[in-house]
2 protein chains.
Amino acid sequence: MNYRIVAKILGSILIYESFLMIIPLAVSVFYMESSYMAFIITMLIMIFFGVILKNTPLNSNTMKLKEGFAIVSFGWLISSLFGCFPFIISGAIPFPIDAFFETVSGFTTTGASILTDIESLPKGILFWRSFTHWIGGMGILVFTVALLPAIGASGFQLFKAESPGPISDKIVPRMKDTAKILYTTYIIITIAETILLMFGGLSLYEALVHTFATVGTGGFSTHNSSIAAFNSTYIYVVIAIFMFMSGVNFSLYYELLKGRWRSVLKDEELRFYSILILLGIVFVSINLFGTIYDSAGESLKQSLFQVVSITTTTGYVTADFDLWPTFSKVLLFLLMFTGGCAGSTGGSIKQVRLLLVLKLVKREFQKIFHPRAIMPLKIEGRSIPSDVVANVSSFFTLYVMLFVLGTAVVSLENISMISAASAVAATLGNIGPGFEIVGATQNYSSFSAPIKLLLSFLMLAGRLELFTIMTLLSPSFWKAER
Amino acid sequence: MNYRIVAKILGSILIYESFLMIIPLAVSVFYMESSYMAFIITMLIMIFFGVILKNTPLNSNTMKLKEGFAIVSFGWLISSLFGCFPFIISGAIPFPIDAFFETVSGFTTTGASILTDIESLPKGILFWRSFTHWIGGMGILVFTVALLPAIGASGFQLFKAESPGPISDKIVPRMKDTAKILYTTYIIITIAETILLMFGGLSLYEALVHTFATVGTGGFSTHNSSIAAFNSTYIYVVIAIFMFMSGVNFSLYYELLKGRWRSVLKDEELRFYSILILLGIVFVSINLFGTIYDSAGESLKQSLFQVVSITTTTGYVTADFDLWPTFSKVLLFLLMFTGGCAGSTGGSIKQVRLLLVLKLVKREFQKIFHPRAIMPLKIEGRSIPSDVVANVSSFFTLYVMLFVLGTAVVSLENISMISAASAVAATLGNIGPGFEIVGATQNYSSFSAPIKLLLSFLMLAGRLELFTIMTLLSPSFWKAER
């Protein structure tokens, strides 16, 4: 492993992160909050370490897969480690493990919080908290790649290790251009939602903060009761639409921009994602109508918001779904394992993987009666290579394994099985709220420090598509290259 | 589809089942219970329909895969349908859907019961109830095959459709001989356990009834409190040992008989199964010691019995594990998804499949650093063909899907999520007890009729390795052959 190049790039990441902190610093100064000092101190620390790391003398410029994995994994880790300083220094979250959990939750766009009273915190701090969603949403690394011509061709390896979904297509041949296109789309969507939320009566500050969490499918709010605090159908609908949009493969927006409507409409994953959400909304609405809400409209509204929020792994809430009938709760729990489309900011298993394993099962049934037929799996008419199929099967199994082992460990806290299982599902899938003690109106504050660290690891594992970060746990990763 | 040959063989199955009923009839007569009439009436009905079906004139003798699947699936269904008559006629279980559920639970060796007071029932009826476990354990069809030379070579197709596990080896070339060997082993183990239980002070009747449920990995008892009623460490240990033995691939006993010790000790699945059980016992014991039991011995004993019982999918209980700490409960819940070895009487996913998907995940990690290497999956040094790997992945996915969809439907009863999920896991995996409303001291009586039918379907699906019975749901199955 070329440790030096890894250190060098981690240095750049730190420096970029310190530049990004100028924005929450400005917010702090604007609102004349004393917490502005916390940002200045953090930025100085980051620049100090960043410059040292960046000036690591290189023996060689070679960067292989191992280095790529190390940069992605440690990049997220180091960003969270330094990113939590403002919380600690300002006293907003005095306990370092809590601050780390909150920052990992931000960057991984999870939205799980250890805060019991969000509203008491300074505006600049809350701005930074939500801003981490926005940064994490598109991937710190895509960002870094777009601004780091130094890495050159190796950039694609980083992108591949980080980009969500099994098949990472380059939209345009040059990595740097791809990053720019995705980034521009991201900014346009951000601006659009901010304006629409301001039309609904939100201040620029509130609109921005909630937009960051929506487009990054994060879920942090400035209100203790999340989106329910606005109590406005307009706001609910705008956020729901943008949550849905943020769960769509971003490359489809580029297709739209190029006028390729037909290929967007024919996108199999988009169809699957839309149908799944639609079915979820219909079943939950019917279940809620008459049991929880007397009005069909209210049932539909609450069902729609929660189903979209959970499926896209955002985790915003407008109702305490822990009080809903078991059927609705089970459906929401299951939707925690679906997630956004590949190439979106959503987490969890991802729609295309589910589509693929369902096709795998279907083929197995067909094989029973045609044992000698060769039936390649196809998505959009293109055969999926058998190694991708094996990878997706393994991903699915590994996801189930992490969920299952995580639940076992978390259950050592002696909380209810549903609390333990949903806390793991909600962190591994980058969703945020779960059920019971981590339910819609609850938070993650009551867990012990080791469990908070475990859940932080699960958030990172989920965000980095499991294999990336888990390779760091394998001894062969650290073996010297021959 | 050659409906005629299917009907003919189903007729034979019914006639054999009626012969098997002579034993519970004898028990009824011996104890001078009025329920003996229920058996006589049932036997007459079965012989009547059996003879009619058996005399179906054949157009052709051809039997293909479709016919094999139909015979296996309908064989289990028809056995349960007629097998529940004694319960209904005797008045022991007056409601037909309850009686059907109980009989399916018996034949599939699940052991889930709708009875609230088992002890009030006649001995002959309870004998039949447990005897269904024994019959189901080795498979009604292996039984029928061994005695039905008429089917000849096609017998192997039946066996393949029914035998548990992904790789069905014929131990000896001739199907009939294989069946005889398995059957003989089964009888020897049955006699051994019966004698050992009688040494522990049980009457021949009690020893037999509990042996049937142990070797079939069923779980029906004659006591409301299951095995806890005996309150004897000797009995606990004997039953635990035989549960463990019944979860082992039966062909290994043939190897032992042939003196091939080494190949048994090197059996990868057996090792995996033993290690998993050992780990389960250790973790649960440690968790129980000090929290539930003050004595280490008691913790070990209760942990051992419950872990072996759940892992082998027997479902006998000696303690109300619903009162255990969450960690132990989560581990037991997870063990519900493991099951016995392939070729054992245990249900659920089966150890060899878990071993294979774990190897699949491991290979995926290796592939990251050696993307071009070709790494076949191996079990005991033999490469597993890629279509078997795909089949196992699909099985795993389908199992999860059935669990998940089943849980959603059962949750319509508005019971707790854990009740719904564990009821589905415990029926699909042919275990028996679950948690909360279907917990160790509870039963399945409170479910509505449609849910009882759904759970019966899941028991059959689980017992017949998912694909077999689910092919019946596919329209292409019923299409006329060209």
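All of these numbers come straight from a predicted model, not from anything done at the bench. (Residues numbered from 1 in each chain as written. Chains lettered and ligands numbered in written order. Predicted model: local features only at pLDDT ≥ 70, side-chain atom pairs only at ≥ 80, totals over all residues. Heavy atoms only, no water.)

A. Representation of the overall build of chain A. In terms of helices and strands, chain A carries 23 helices and 2 strands. Since a compact globule built from 482 residues should have a radius of gyration of about 23 Å, the 22 Å found for chain A is in line with a globular shape. In terms of overall dimensions, chain A has C-alpha extents of about 60 × 55 × 50 Å along its principal axes. The long-range fraction of contacts in chain A, counting pairs at least 24 apart against all pairs at least 6 apart in sequence, stands at 71%. Carbon and sulfur atoms make up 67% of the accessible area of chain A, which amounts to about 18,200 Å² in all. Side chains of chain A carry 32 positive and 27 negative charges; the gap between the two charge centres is 14 Å. (Helix = DSSP H or I, 4+ residues; strand = E, 2+ residues; numbered from the N terminus. Rg over C-alpha atoms; globule rule 2.2 N^0.38 Å. Contact = heavy atoms within 4.5 Å. Areas by Shrake-Rupley, 256 points an atom, 1.4 Å probe, with all protein chains shown as cover. Lys, Arg positive; Asp, Glu negative; His and termini not counted. Charge placed at Lys NZ, Arg CZ, Asp CG, Glu CD.)

B. Spatial organisation of the packing of helix 15 (residues 268-288) of chain B against helix 16 (residues 296-311) of chain B. All names here are of chain B. Where helix 15 contacts helix 16, the two axes come as close as 8 Å, and the packing angle between them is 140°. One finds that helix 15 runs oblique with respect to helix 16. The handedness of the crossing between helix 15 and helix 16 comes out as right-handed. Residue-level inspection shows I277, G280, I281, V284, S285 and L288 of helix 15 in contact with helix 16, the latter providing S299, L300, Q302, S303, L304, V307, V308 and T311. The residue inventory of the contact of helix 15 with helix 16, partitioned by class, reads 8 nonpolar, 6 polar and no charged. (Axes fitted to C-alpha atoms, helices over the stretch in contact; angles between N-to-C directions. Parallel < 35°, antiparallel > 145°, perpendicular 65-115°, else oblique. Left-handed = near helix turned anticlockwise from the far one by under 90°. Nonpolar A, V, L, I, M, F, W, Y, C, P; charged D, E, K, R; others polar.)

C. Structural detail: the interface of chain B and chain A. If you look at the interface, chain B gives 47 residues, while chain A gives 46 residues. Surface buried jointly by chain B and chain A totals about 4,000 Å² across both partners, of which 82% is contributed by carbon and sulfur atoms. Ranking the residues of chain B by area buried against chain A places F365(B), F369(B) and M417(B) at the top, with a combined share of 18%. The tally of links from chain B across to chain A stands at 0 salt bridges. Joining chain B to chain A, the criterion identifies 8 residue pairs in polar contact (both at pLDDT 80 or more). For the side of chain B that touches chain A, the secondary structure elements donating two or more residues are helix 4 (65-83), helix 17 (326-335), helix 18 (351-369), helix 19 (386-410), helix 20 (417-428), helix 22 (467-470) and helix 23 (475-478) of chain B. Within the side of chain B that touches chain A, the residues separate by chemical class into 30 nonpolar, 11 polar and 6 charged. (Buried area = accessible area lost by both parts, 1.4 Å probe. Salt bridge = Lys/Arg side-chain N within 4 Å of Asp/Glu carboxyl O. Polar contact = N/O pair within 3.5 Å; in protein donor to acceptor, adjacent residues only side chain to side chain.)

D. Here's a closer look at the packing of aromatic side chains. All names here are of chain B. Tallying each qualifying case throughout the model produces 58 aromatic pairs over all chains. An angle of 35° between the planes, with centres 5.9 Å apart, marks the rings of Y444 and F447 as tilted. On the basis of relative accessible area, Y444 is assigned to the buried category, the value being 1%. For F447, a relative accessible area of 4% translates into the label buried. In this structure, K123 packs its charged tip against the face of Y205, placed 5.7 Å from the ring centre. For the cation-ring pair, R353 lies above F395, with the distance from its terminal atom to the ring centre recorded as 3.5 Å. (Phe/Tyr/Trp six-rings, centres within 6.5 Å; stacked < 30°, edge-to-face > 60°. Buried < 20%, exposed > 50% of the residue type's maximum accessible area, 1.4 Å probe, protein only. Lys NZ or Arg CZ within 6 Å of the ring centre and 35° of its normal.)

E. Seen up close, the confidence of the model for chain A. Residue and element names in this part refer to chain A. Per-residue pLDDT for chain A averages 88, and the proportion of residues at 70 or more is 90%. Across residues 167-171 the pLDDT falls below 50, and counting only partners more than four positions away or on other chains, this stretch makes 10 contacts in the model. If you check the scores for this complex, the pTM reads 0.91 and the ipTM reads 0.90. (pLDDT = per-residue confidence, 0-100.)

F. Geometry of the pattern of salt bridges. Under the definition given, this model contains 14 salt bridges over all chains. We note a salt bridge from D98(A) to K452(A), for which the minimum N-O separation is 2.7 Å. Separated by 354 residues along the polypeptide, D98(A) in helix 6 (residues 96-107) and K452(A) in helix 21 (residues 449-463) bring together distant segments of the chain. Between E298(B) and K301(B) there is a salt bridge whose closest N-O contact spans 3.4 Å.

G. Representation of helix 12 (residues 233-246) of chain A. Compared with the 20 Å implied by 1.5 Å per residue over 14 residues, the 20 Å span of helix 12 of chain A between its first and last C-alpha is a close match. When we look at burial in helix 12 of chain A, the residues that qualify are I235(A), Y236(A), V238(A), I239(A), A240(A), F242(A), M243(A) and S246(A). (Expected span 1.5 Å × (residues − 1).)

H. Just the relation of the copies chain B and chain A, in detail. Least-squares fitting of chain B to chain A yields an RMSD of 0.0 Å, with the superposition described by an axial translation of 0.0 Å and a rotation of 180°. Both copies are brought into coincidence by an operation consistent with a two-fold rotation axis. In terms of C-alpha distance to the rotation axis, chain B has S393(B) as its closest residue, with the C-alpha 3.2 Å off the axis. A shared interface surface links the copies, since 98% of the contact residues of chain B are contact residues in chain A too. (Least-squares fit on C-alpha atoms with pLDDT ≥ 70 in both.)

I. Fine view of a nonpolar patch on the surface. Residues and elements named next belong to chain A. There is a patch of nonpolar side chains on the surface, built from I187, I191, I195, L196, F199 and Y234 and spanning about 550 Å² of accessible area. The greatest single-element share of the nonpolar patch, amounting to 5 residues, is contributed by helix 10 (residues 175-199). With respect to the secondary-structure elements, F199 resides in helix 10. Its relative accessible area of 65% is what places F199 among the exposed residues. (Patch = residues over 30% accessible without salt bridge, like charges linked within 9 Å, V, L, I, M, F, W, Y side chains within 5 Å.)

J. Quick peek at helix 21 of chain A. All names here are of chain A. Between its first and last C-alpha, helix 21 extends 21 Å over 15 residues, near the 21 Å set by a 1.5 Å rise per residue. Every buried residue of helix 21 is accounted for by I451, K452, L455, S456, L458, M459, L460, A461, G462 and R463. Elements that come into contact with the buried residues of helix 21 comprise helix 4 (65-83), helix 6, helix 7 (123-138), helix 19 (386-410), helix 20 (417-428) and helix 22 (467-470). Following helix 21 by one or two positions, E465 has its phi on the positive side, about 60°.

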